[in-house]
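# Examining the three-dimensional arrangement
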Amino acid sequence: MEEEKAWALVSELGGDHGYLEEMADILKQHFQLVCYRELLQNPALHGPKIQVLFMWKYFPAAEPWLLRSLPSLKVVASGGVGTDHLDVPFINSLGVKVANTPGVVSDASADLAMGLLLASARKILDAHRIAVDPKTVHIPQSLMGVEVTGSTLGIVGMGEIGYKIAQRSKGFEMKILYHNRTRRSVGDEQAVGAGYCRSLDDLLRRSDFVVIVVKLTSDTTGLIGHRELSLMKPTATLVNISRGQVVDQDALVEALQSGRIRAAALDVTHPEPLPRDHPLLGLPNVLITPHIGISTYDTARAIVEKMVENALAAVKGLPLPNEVKLQ
Ligand SMILES: O=C(O)[C@H](O)CO
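Residues numbered from 1 in each chain as written. Predicted model: local features only at pLDDT ≥ 70, side-chain atom pairs only at ≥ 80, totals over all residues. Heavy atoms only, no water.

The name that an unreviewed UniProt entry assigns to the chain is Glyoxylate reductase/hydroxypyruvate reductase, with the source organism given as Zoarces viviparus. Under the UniProt heading Sequence similarities (unreviewed entry), the entry covering the chain gives this text: "Belongs to the D-isomer specific 2-hydroxyacid dehydrogenase family." (UniProt positions renumbered as here; feature names shortened; annotations may be inferred.)

Here it is, written out as structure tokens:
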């Protein structure tokens with residue numbers, strides 16, 4: 001006899017923050033799904049049976065009132081690696097576990113970092129606009145970029161994603177520097193030819209491209225501010241794929257407007273999206289993508305599969321493969 005499926009809450013199936021059809025099918029194979037909208041329409045009917053909250057791109061937000069209205073909840077299974085949108089101690093205090101999906105997001109995130117770096121260095125978006133607009137005249141100087149091959153890349157945060165960026169950069173013959181709380185093994189460093197910078201300032205002074213890949217914590221909030229930007233080369237480019245709050249955006253606007261640094265390429269901002277009149281959106285030396293680091297079909301599928309694995313373990317009372325525990 002088929003085991004009865006446990007109930008899980010999801011944002012939407014389809015829609016802006018919903019799951020693509022294929023991903024929704026994976027969830028449906030294992031769980032009976034209730035959409036957030038349905039829950040709000042009939043909380044007394046749906047609330048008590050929900051054991052899993054699946055979060056995709058932070059939706060539905062795990063707000064205290066929502067968590068408290070789900071008495072059978074066992075796990076918040078969040079897609080992606082960052083858990084800065086979750087109050088883990090509070091969730092745990094309700095007897096609910098938190099899981100994320102590390103590992104499977106790393107390749108797509110590292111690929112995007114390289115994409116942003118290359119697009120910014122070679123002004124690929126400006127070039128596209130000129131190529132498709134018959135009214136523009138191609139002035140070659142305006143599309144002159146900076147050389148990637150042989151340049152120096154500074155990676156701030158050498159976890160799995162940072163390391164994968166280093167592996168990719170090796171193919172571009174870049175000199176790799178990294179700054180991280182803990183130093184990698186000699187073997188890891190040698191495999192990609194990465195040099196450790198104990199001091200972030202040192203890395204900032206020496207790099208042509210600085211890629212930010214740290215987790216958002218109280219230590220990394222505002223890590224790159226006026227002082228740090230002023231240490232960078234005027235020809236340097238800042239790439240941020242971590243979280244918007246790691247960079248002081250006012251300081252960044254100033255550095256970009258004054259030419260203190262050459263350019264920035266950002267997959268993350270604070271807030272997301274930025275208000276339409278935000279100065280970053282009007283600067284010619286900024287490239288912004290709307291937090292698409294993990295947005296590939298393969299990665300989305302792998303994320304959803306991991307979310308399911310964690311959720312099934314929680315429902316069965318087994319240890320979670322990816323429980324988030326605050327150190
Ligand atoms: O944290 C992550 O994995 C991505 O930034 C998506 O939120």
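A separate point is the overall build of the chain. A tally of helices and strands in the chain yields 13 helices and 12 strands. Residues classed as buried in the chain amount to 49% of the 327 residues present. Across the chain, the fraction of contacts at a sequence separation of at least 24, relative to all contacts at a separation of at least 6, is 63%. The chain carries 33 positive and 36 negative side-chain charges, and their two centres are separated by 4 Å. (Helix = DSSP H or I, 4+ residues; strand = E, 2+ residues; numbered from the N terminus. Buried < 20%, exposed > 50% of the residue type's maximum accessible area, 1.4 Å probe, protein only. Contact = heavy atoms within 4.5 Å. Lys, Arg positive; Asp, Glu negative; His and termini not counted. Charge placed at Lys NZ, Arg CZ, Asp CG, Glu CD.)

So, on to the pattern of salt bridges. Where side chains of opposite charge bring their charged atoms close, a pairing between them can arise. For the structure shown, the criterion picks out 15 salt bridges. Residue Glu189 is joined to Arg183 by a salt bridge in which the shortest nitrogen-to-oxygen separation is 2.7 Å. Residue class for Glu189 comes out buried when judged on its relative accessible area of 8%. For Asp202, the salt bridge is made with Arg206, and the minimal N-O distance between the two is 3.2 Å. With Asp202 and Arg206 both in helix α10 (residues 200-206), this residue pair falls 4 residues apart, about one helical turn. On the accessibility criterion, Arg206 (41% relative accessible area) is partly exposed. Salt bridges sharing common partners tie together Asp107, Asp111, Lys164 and Arg168. (Salt bridge = Lys/Arg side-chain N within 4 Å of Asp/Glu carboxyl O.)

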